[in-house]
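Single-letter residue listing:
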Amino acid sequence: MAMSGFSGGSSSELWKETCGKLQEKLSNSYLQRTFWFLLLSANHSNDDANANLCERYHNLLFDEEILLTDRIAFACTHLPYQQLVSYIRSMTNLFRYNPSLKYLLITGLTSQDSIEILLDYLEKTLDYQSVLGIIMRSCDYSLLSSKRTLYWKDRYCAWLNSWRFYYERIKFEKKWSERMGQLESENPTNCPHRNITKDVAMVHCNYCSKRIVMKDRTNNNNMSITTSMMESCPHCRQSLPKCCVCAKHLGTRPDGRDLMNWLSVCLKCQHGGHYQHMSDWFSEFYKCPVSGCNCPCDLMNSETFVRAPK
């Protein structure tokens, strides 16, 4: 009815009165503002073209019930250039009193204002996932490689490890590395060379979630203790897991490509051991080697099971 009865400045008084009454009864903010805009356009159709439209549409442009994206789209459509610039500056100043991620639409991701918004959001929510997801969308290599961002990334990865979301952490770090590599390939002159570590795997304690030290240690008798001899976590002193085949402590990640001593764990029953020992076992059997455990570990890793729809 509102659209069909609208005739600009020549809209009937009955239409204006009816729309005015309906507007007050509407609970949906968008419908209410639609009626409001039509009524305003009908009453000011003959105004001077140089009128201050930003002031005229102030109630809509600063209505928090309307999404910021929609308000900016409205301003881009209906405001002259200079008034549009003035409106954007006004919105930029608002975030200083009430920082919110939505204002990144205005500040972008390369300004100091955007960093302040992200910092304020983190202090209130500790939502590292959302902040890092936003930063990954940035085209600014210096932002992704800054010390502050890398600190946030390390904190987030440490939390994922503490929650035992190891696969999720690996996927996140792969996406992060891919994004860094993409920015490097797009603009190699502005991207300093990264120091890429050769270590792509590490072992964390199941109790304290801290990384198990891989360096050799020396005991009180000045005897070297290698990582394969370690029986407990150097941080919390909890016993390290044992291989369910040879019953020896698994120790930490072995150096080089020595697959025989690598860890192999079933994600269902959580039992495991040295890679070579587990490989030899499952060459003859398909069930878990732990007594009393009937988990079909070998079948869980078969191509048929992996490719089966979940």
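Everything in this summary refers to the structure shown in the same document.

### A short note on the pattern of salt bridges
Tallied over the full model, the rule gives 5 salt bridges. Note that D63 is salt-bridged to R33, the shortest N-O span being 2.9 Å. Taken together, the residues span a long stretch of sequence, with D63 in the loop between α5 (58-61) and α6 (68-78) and R33 in helix α3 (residues 29-43) at a distance of 30 residues. Side by side, D63 and R33 carry an identical accessibility label, which is buried.

### Focus on unusual backbone geometry
The phi dihedral of L126 is positive, around 55 degrees, even though this residue is not glycine. The topology assignment puts L126 in the loop between α9 (112-125) and α10 (128-136). At R237, a residue that is not glycine, the phi angle is positive and equals roughly 70 degrees. Tracing the chain through its elements places R237 in the loop between β2 (224-225) and β3 (263-265).

### Some points on the nonpolar core
Of all hydrophobic cores here, the largest spans 40 residues; its most connected members are Y57, L61, L79, I135, W152 and W176. If you tally residues by element for this core, the top one is α10, at 5 residues. If we ignore the near neighbours within four places in the chain, the residues touching I135 are L118, L143, L144, T149, W152 and W176. The next biggest cluster of nonpolar side chains, apart from the first, holds 8 residues, and it includes F282, C288, C295 and C297.

### Details of helix α7 (residues 81-94)
Between its first and last C-alpha, α7 extends 20 Å over 14 residues, near the 20 Å set by a 1.5 Å rise per residue. For α7, the full list of buried residues reads Q83, L84, Y87, M91 and T92.

### Some details on a nonpolar patch on the surface
A cluster of nonpolar side chains, namely Y167, I170 and L267, defines an oily patch on the protein surface of about 320 Å² accessible area. Within the fold, Y167 resides in helix α13 (residues 166-186).

### Some details on the packing of helix α12 (residues 147-162) against α13
Close contact between α12 and α13 brings their axes to 8 Å; oriented N to C, the two are set at 155 degrees. Relative to α13, the element α12 lies roughly antiparallel. At the point where α12 passes α13, the crossing takes the left-handed sense. Contacts between α12 and α13 involve T149, L150, K153, Y156, C157, L160 and N161 on the former and, on the latter, Y166, E168, R169, F172, E173 and W176.

The rules we used
Residues numbered from 1 in each chain as written. Predicted model: local features only at pLDDT ≥ 70, side-chain atom pairs only at ≥ 80, totals over all residues. Heavy atoms only, no water. Salt bridge = Lys/Arg side-chain N within 4 Å of Asp/Glu carboxyl O. Helix = DSSP H or I, 4+ residues; strand = E, 2+ residues; numbered from the N terminus. Buried < 20%, exposed > 50% of the residue type's maximum accessible area, 1.4 Å probe, protein only. Core = buried A, V, L, I, M, F, W, Y, C linked by side-chain atoms within 4.5 Å. Contact = heavy atoms within 4.5 Å. Expected span 1.5 Å × (residues − 1). Patch = residues over 30% accessible without salt bridge, like charges linked within 9 Å, V, L, I, M, F, W, Y side chains within 5 Å. Areas by Shrake-Rupley, 256 points an atom, 1.4 Å probe, with all protein chains shown as cover. Axes fitted to C-alpha atoms, helices over the stretch in contact; angles between N-to-C directions. Parallel < 35°, antiparallel > 145°, perpendicular 65-115°, else oblique. Left-handed = near helix turned anticlockwise from the far one by under 90°.

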